[in-house]
Amino acid sequence: SLPAKLINGGIAGLIGVTCVFPIDLAKTRLQNQQNGQRMYTSMSDCLIKTIRSEGYFGMYRGAAVNLTLVTPEKAIKLAANDFFRHHLSKDGKKLTLLREMLAGCGAGTCQVIVTTPMEMLKIQLQDAGRIAAQKKLMAAQAQLSSSAAGAAEPAVETRTTATQITRELLRSKGIAGLYKGLGATLLRDVPFSIVYFPLFANLNKLGQKDPNVKAPFYVSFLSGCVAGSTAAVAVNPCDVIKTRLQSLQRGVNEDTYSGILDCTKKIWQKEGPMAFLKGAYCRALVIAPLFGIAQVVYFIGIAEFLLDMLPKHRA
């Protein structure tokens, strides 16, 4: 049933995000740093420096936004894919690869309604620590090189919340402010779903002894991990562009971008083609367990069990 699909998608998203959010934070910070202003050399270096400067919970900056909105996002994505697969199938016959890709395309398009504002707010909060650390470092270097007495103290970081950012964007730009980077989000999520869903479905079928019987949970988990990481790496260049376009605050001497083409051109010219793979292994590490967990929860059908228990409990 649709309610069961929505609940399963929501539970899957909550569990997955809680497990992998620190890696996602590292991915955002690695993707946003530009040449000449590098604060982190790797994922582990980013996480260690984050803990030292911001504490353990610094790794979860922006998690509240994700945990709030990931339920409708994952619910829409998984339920939409099932909806399109059902309507694209002819008399219950096996879907062709093209129809599987079309179903994934439809799911990816539907999810951006929630994904774009969620990513927009999450990125601001995740990257705030990097920008603050960079400014402190620049201020400290300026103080050391300056011989003037009574040099100004480095500015203290003022933490903003998702609510404050939302209010400011709505006040200054309206609802369109929350959908900054919509085109880049579509450019990432539609190809991701086109790759992920058909790949998962076909890998999962390999573990089915009978077409009418669900594959074991470990097969669904491994299929979700492999399909998720493959799709994540495939669309990582689009994710780098999306992250850069959605960042409202820039570090010292960092470029700003007017659109997808301008962003692509500047990254290619100033940072080289390998810059489009920034954070790729982090993204693979995030997406693999996230979708592995999501598919296990979704296919086990926790929601069906809960919904079945409600009438019994009332009785």
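Up top you'll find the structure we're talking about.
Anyway, here's the lowdown on the structure attached to this text. This is a predicted model, so every value here is computed, not measured.

1. Overview of the packing of aromatic side chains
- Summed over the entire model, instances satisfying the criterion amount to eight aromatic pairs.
- Judged by centre distance (5.0 Å) and plane angle (75°), the ring pair of tyrosine 196 and phenylalanine 197 falls under edge-to-face. Summarising the burial analysis for this pair, tyrosine 196 and phenylalanine 197 share the class buried.
- Joined through ring pairs, the aromatic side chains of Phe21, Tyr56, Phe57 and Tyr60 make up one cluster.

2. What to know about the pattern of salt bridges
- Inspection of the entire model under this criterion finds 19 salt bridges.
- When the shortest N-O distance is used, the salt bridge between aspartate 45 and lysine 49 registers 3.3 Å. Note that aspartate 45 and lysine 49 are positioned in helix H2 (residues 43–54) at a spacing of four residues, about one turn of the helix.
- Aspartate 45 sits in the buried class, given a relative accessible area of 17%.
- Relative accessible area serves as the criterion here: at 34%, lysine 49 is assigned to the partly exposed category.
- Note that glutamate 119 and lysine 122 form a salt bridge whose closest N and O atoms lie 3.1 Å from each other. Separated by three residues within a single helix, glutamate 119 and lysine 122 lie in helix H4 (residues 97–145), roughly one turn from each other. Like lysine 122, glutamate 119 is buried.

3. Describing the state of the cysteines
- For the structure shown, the criterion picks out zero disulfides.
- The thiol of cysteine 46 is not disulfide-bonded; the next cysteine sulfur, from cysteine 282, is found 7.7 Å away.

4. Quick word on the side chain of glutamate 73
- With respect to the element layout, glutamate 73 can be found in helix H3 (residues 63–88).
- Taking the relative accessible area as the measure of exposure, glutamate 73 reaches 5% and is therefore buried.

5. A word on the packing of helix H6 (residues 182–205) against helix H7 (residues 217–234)
- Two elements in contact, H6 and H7, have axes separated by 8 Å at closest approach and are oriented at 150°. With respect to their mutual orientation, H6 and H7 come out roughly antiparallel. Like other packed secondary-structure pairs, H6 and H7 cross with a definite hand, here right-handed. Contacts between H6 and H7 pair Phe192, Val195, Tyr196, Leu199, Phe200, Leu203 and Asn204 from the former with Val219, Ser220, Ser223, Gly224, Val226, Ala227, Gly228, Thr230, Ala231 and Ala232 from the latter.
- Of the residues contributing to the contact of H6 with H7, the split by class is 11 nonpolar, six polar and no charged.

6. Quick notes on the nonpolar core
- Residues Met43, Phe192, Tyr196 and Ile287 are the most contacted members of the largest nonpolar core, which totals 30 residues.
- The set of elements that each furnish at least two residues to this core consists of helix H1 (2–32), H2, H3, H6, H7 and helix H10 (280–300).
- Examining the composition of this core, we find that six residues originate from one element, H1, more than from any other.
- Non-local contacts of methionine 43, meaning those with residues more than four positions away in its chain, are made with Ile23, Ala26, Leu30, Tyr281, Cys282 and Leu285.

Conventions adopted
Residues numbered from 1 in each chain as written. Predicted model: local features only at pLDDT ≥ 70, side-chain atom pairs only at ≥ 80, totals over all residues. Heavy atoms only, no water. Phe/Tyr/Trp six-rings, centres within 6.5 Å; stacked < 30°, edge-to-face > 60°. Buried < 20%, exposed > 50% of the residue type's maximum accessible area, 1.4 Å probe, protein only. Salt bridge = Lys/Arg side-chain N within 4 Å of Asp/Glu carboxyl O. Helix = DSSP H or I, 4+ residues; strand = E, 2+ residues; numbered from the N terminus. Disulfide = S-S within 2.5 Å. Axes fitted to C-alpha atoms, helices over the stretch in contact; angles between N-to-C directions. Parallel < 35°, antiparallel > 145°, perpendicular 65-115°, else oblique. Left-handed = near helix turned anticlockwise from the far one by under 90°. Contact = heavy atoms within 4.5 Å. Nonpolar A, V, L, I, M, F, W, Y, C, P; charged D, E, K, R; others polar. Core = buried A, V, L, I, M, F, W, Y, C linked by side-chain atoms within 4.5 Å.

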